[in-house]
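# Summary of the model geometry
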Amino acid sequence: MASMNTVLFISFLLFSVGVAGVLIRRNALVILMCVELMLNAANLNLIAFARHAGTVAGQAFALLVMGLAAAEVAIGLALVVALYRKRDTIQVDNINLLKG
Amino acid sequence: MIMEPAAVSTPLHSSVLWLIPFLPVFGALFNGLTGRRLKNNKLVDLVALGSVFASFLIVAFYFVKLMGMAPENRVVTQTVWTWLSFGDAQVLGGLTRTTMTWAYRIDPLSACMGLLVTGVGFLIHLFSTGYMADERKRGEYYRFMTYLNLFVFSMLNLVLGANMIMMFLGWEGVGLCSYLLIGFYFDREYAAVAGKKAFVTNRIGDFGFLIGFYLLFMIFGSVDFDTQMGLVRGVLAQKELTLFGLSHSPTWWFNLVGCCLFLGACGKSAQIPLYVWLPDAMAGPTPVSALIHAATMVTSGLYMIARMNFIYVNAPVALAVVLFVGALTALVAASMGLAQYDIKKVLAYSTVSQLGFMFMGMGAGAFTAGMFHVFTHAFFKAALFLGSGSVILACHHEQDMRNMGGLRKFMPWTFASMGIATLAIAGIFPFSGFFSKDEILWKVFEGWYAHGTFAGPRLNMIAWAMGMIAAFMTAFYMVRLMVMTFFGEYRGAGHDPHGLTVPSEAHHASPDDGHDAHGHDAHAHGHDDHGHGGHAGPQEVPWNMWFPVALLALLALVGGFLNIPHSLHWIGSSHFSEWLKPLLFQAHGAHEAHGAAPAIEYVLMFVATVVWAPAAMGLAWWFYGADPTWSKPRAFVKRFPELFEWVHAKYYVDEFYEAAFIGPCKQLGAQLWAFDAWAVDGMVNGAARLTLTVSHAFHWFDAKIVDGLVNLVAWILSQVSGGFRKLQTGRVQNYAFVMFLGFLAIALWKFLA
């Protein structure tokens, strides 16, 4: 049984990788994947804290987050595909329509 | 109305009355508008001559018609349209309904004038077809014929107009046409200057005419001749007339009106103060000289005075002015004619002088005699002018008589015609000039003698003496002209046995003769065009030139019999006087007073025609003809060089006018111009500049301060928003990074807390 600190540390690493990926990577698909990483880090935390507290609320939230993440990916991927069709690229540097 | 029958018959005939003046104007319009494009001058001829001849026929028709009427009913009028209506005008405290109509009337006087204008005018048109041969080739011909037709129209409007407005229209019209015709060679300065001179001089006269005309309108409240004449007795019955706050007797006002109108007549008919334009007008083509300066325009002053006889009969002072100015003009102009070498200038001064005679007749109250001289003069002077035109053309546009001579053999028709005309103008029995001129002199004399004593009007006596001297001079210079031109040997083209010729440009040196001198070389390029074969010597001119001259000479020969003086009634009666009588105001005018015995008239006529004129002619012959070397005149000139030079230079009147009036006027004009240019324009420009400066300042303030403030606000906003804009990269990653930093900061802050 891994200690709480270990889990939190791994969760921290996962989240950091996710944040770094979202901030650094230019490929929209990779960014989406990194978002998944961050969500997973959060899930890991939720499950760890639930186990620690002896309740199932955390697990329930983790399941909810997974469902939401699946939905989010479906929508996110659809957006990316639509974007690709429109602009012929998924490099976020080239997608700057909102620039003032 | 009592005049019912006349009123019924009038419309039928009056339907063509308006055609008399309008036919020539149609001709002028046609030629003026299409003449430039017409290839063929024949059509121009046809229209120009045809319209005038048709007018002549219509006048003749009306003349015959008038002859068939009772003497007091001899008038046909036609109102073409009403020009303007004043409604109820306030005149002399009473209401008068005044209309001004475009109306024509033909009565004994205007019928005669109409015959003269169209008849002589037609002959001059015919002459022009030959004389203007150069212009035919150059395409200027249609313009000449247009002007001639327009001139005839104006003159007909003047003589046929039924009121003063119509007369004034024609009056101005002939002034304009004389300007156009005299300045026909407008590309040559002397002609342009002469045209301008005629125009301006006439304007001075018109000023007087207009004042007289306004006064007449104020006195009578009408411009219509018939109405005015009908009101004369009523006006004379008033004690005094008040105009402009001045109260004077009617006679005083009539004197004023008469003098003002006479000033206008002076301009048109070239009387003493305003005669200077006529000699210069010889710059125009010779047919123009004949038309304007012998037959038509210059007679308009006479016509006007005859028409206004109801004023003059009642204006003794004005009559005296007319008489004296006429006599003075006759004398002075005749003396100027003595010393001219230019054939046309001699005739020009002769015209001025003869017009003086006519005014003498008018001034003596013998309106019929004056008008009669108008007619006879028109015949013989037109013949002389046209004859001189033929001579000039035959001599290759030479106008100096010293370079002519001997033309009698070359040009028999012209010589005979001009000879008859010369005898007529000199007043030899039975040529027409005898009847008219001697009647004038007799009437003037009678005006003095008729008072029964020798204390009659002294002025008449003086005028008569001046007239006799002028008549003597007339006979002299006319014979001089004939002798120099037609007798002796031909002196032109290198034949010069006595060394008498002068180079054509000889009198270029003298400033006053400069104008006509140019006339010689003006046509110089046309020399070879005449088909004279170089310098083979003069030849008779074609028929369309000598025929009108001959016809006019014939009229000059027989015209006198139209009006035989009372004392010569065994020859015939005075048709002309009787004919005009209904138009004359029947007062106890001077011409009505028959106080003198016919015996005196016989004596005077005998003296004038058998002694006086022949003596002058003989003197001239002895001077110039008997001795072809002209030693006598040359000796005379050598003896009195100053006198001759003085007369030859026309007493320096032009120079006097130049110094006394024109110069100061020019100076005044220059000063006014300077004032205008410096002061008025300066003020205007200064105001403009000030406005400009002020507006520049406002513009600067507006652009820099007001706009600056507005733009500053916009600039600040744009700068600020530019800063913010930079934040909006449009990249989600940037936003996420910022968000991340925020989280990091909050976390750090929480952690440290």
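Along each chain, the written sequence defines residue order, and numbers are assigned to residues from 1. Ligands are numbered from 1 and chains lettered from A, in the order in which they are written. Only residues with pLDDT of at least 70 get local features here, since the model is predicted, and only at 80 or more are side-chain atom pairs given and counted; chain-wide, interface and lining totals rely on the full set of residues. Here the side-chain values reflect all heavy atoms present in the structure, with hydrogen atoms and water set aside.

### Looking at the packing of aromatic side chains
Residues and elements named next belong to chain B. Worth spelling out the cut-off: Each Phe, Tyr or Trp ring, with Trp reduced to its six-membered ring, pairs with another whose centre is within 6.5 Å; inter-plane angles below 30 degrees give stacked pairs, above 60 give edge-to-face pairs, and intermediate values give tilted ones. Any residue under 20% of the maximum accessible area for its type is buried, any over 50% is exposed, and the rest in between are partly exposed; the area is computed with a 1.4 Å probe on protein chains only. Whether a charge sits over a ring comes down to the Lys NZ or Arg CZ being within 6 Å of the ring centre and within 35 degrees of the ring normal.
Under the counting rule described, the total for this entry stands at 31 aromatic pairs over all chains. Relative to Trp253, the ring of Trp252 has its centre 5.0 Å away and its plane inclined at 85 degrees; by these criteria the two rings are edge-to-face. With relative accessibility at 35%, the residue Trp252 sits in the partly exposed group. Chaining the aromatic ring pairs together yields one cluster made of Trp18, Phe22, Phe26, Trp102, Tyr104 and Phe153. Over the ring of Phe199 we find Arg203; its NZ or CZ atom is 4.2 Å from the centre of that ring. The ring of Phe357 has Lys437 sitting right over it, with the charged end atom 5.3 Å from the ring centre.

### Re unusual backbone geometry
Using the following cut-off: Every helix listed is a DSSP run of H or I at least four residues long, and every strand listed is a run of E at least two residues long, numbered separately from the N terminus.
Positive phi, normally seen in glycine, also occurs at Asp88 of chain A, with a value near 65 degrees. Of note, Asp88 of chain A is situated in the segment after α3 (57–87). Since its relative accessible area comes to 59%, Asp88 of chain A is described here as exposed. Of note in the backbone geometry, Ala270 of chain B takes a positive phi value of approximately 55 degrees without being a glycine. Its location among the elements puts Ala270 of chain B in the loop between α10 (250–269) and α11 (277–280).

### Some remarks on the interface of chain B and chain A
By a widely used convention, the size of an interface equals the accessible area lost when the partners come together. Here is the rule we go by: The contact definition used throughout considers only heavy atoms, calling two residues in contact when any of these lie within 4.5 Å. Throughout, the accessible surface (probe 1.4 Å) given up by two parts as they are put together, summed over both, is called the buried area. By salt bridge we mean one thing: a side-chain nitrogen of Lys or Arg within 4 Å of a carboxyl oxygen of Asp or Glu. Pairs of N or O atoms are called polar contacts if they sit within 3.5 Å, as long as, within protein, a hydrogen donor faces a hydrogen acceptor (for residues adjacent in sequence, only side-chain-to-side-chain pairs). The nonpolar class holds Ala, Val, Leu, Ile, Met, Phe, Trp, Tyr, Cys and Pro. Asp, Glu, Lys and Arg form the charged class, and all remaining residues, Gly among them, are polar.
Facing the nine residues of chain B at the interface are 14 residues of chain A. Roughly 860 Å² is buried in total at the junction of chain B and chain A, and carbon and sulfur atoms are behind 59% of that figure. Per-residue buried area on chain B facing chain A is highest for Gly730, Arg731 and Gln733 of chain B; these three make up 55% of the total on that side. The tally of links between chain B and chain A comes to zero salt bridges. Remark: the boundary between chain B and chain A carries three residue pairs in polar contact (both at pLDDT 80 or more). Partitioned by chemical class, the residues of the side of chain B that touches chain A number three nonpolar, four polar and two charged.

### A closer look at helix α1 (residues 4–24) of chain A
Worth spelling out the cut-off: For a helix, the expected span equals 1.5 Å multiplied by the number of residues minus one.
Counted at 1.5 Å a residue, the expected span for α1 of chain A with its 21 residues is 30 Å, and the 30 Å between its end C-alpha atoms agrees. Considered for burial, the residues of α1 of chain A that qualify are Val7, Ser11, Gly18, Val19, Gly21, Val22 and Leu23 of chain A. Elements that come into contact with the buried residues of α1 of chain A comprise α2 (28–53) of chain A together with α29 (732–752) of chain B.

### Thoughts on the packing of α2 of chain A against α3 of chain A
Residues and elements named next belong to chain A. Filter applied, for reference: Fitted lines through C-alpha atoms serve as axes, helices being fitted only where they are in contact, and the angles separating the N-to-C directions of these axes extend from 0 to 180 degrees. We call two directions roughly parallel when the angle between them is under 35 degrees, roughly antiparallel when it is over 145, roughly perpendicular when it lies between 65 and 115, and oblique otherwise.
Between α2 and α3, the shortest axis-to-axis distance is 9 Å and the interhelical angle comes to 175 degrees. Between α2 and α3, the interaxial angle falls into the category roughly antiparallel. Between α2 and α3, the residues in contact are Ala28, Leu29, Leu32, Val35, Glu36, Leu39, Asn43, Leu46, Ile47 and Ala50 and Gly58, Gln59, Phe61, Ala62, Val65, Met66, Ala69, Glu72, Val73, Gly76, Leu77 and Val80, respectively. When its residues are assigned to classes, the contact of α2 with α3 shows 16 nonpolar, four polar and two charged.

### Some details on the nonpolar core
This is how it is decided: Only buried residues count toward a nonpolar core, which is a set of Ala, Val, Leu, Ile, Met, Phe, Trp, Tyr and Cys residues joined through side-chain atoms within 4.5 Å.
In this structure, Ile106, Ile305, Met308, Tyr312 and Met371 of chain B are the most contacted members of the largest nonpolar core, which totals 223 residues. In terms of residues, this core owes the most to one element, helix α17 (residues 367–394) of chain B, which gives 18 residues. Ranked by size, the runner-up nonpolar core spans 13 residues in total, among them Met38, Val80 and Ile90 of chain A together with Ala736 of chain B.

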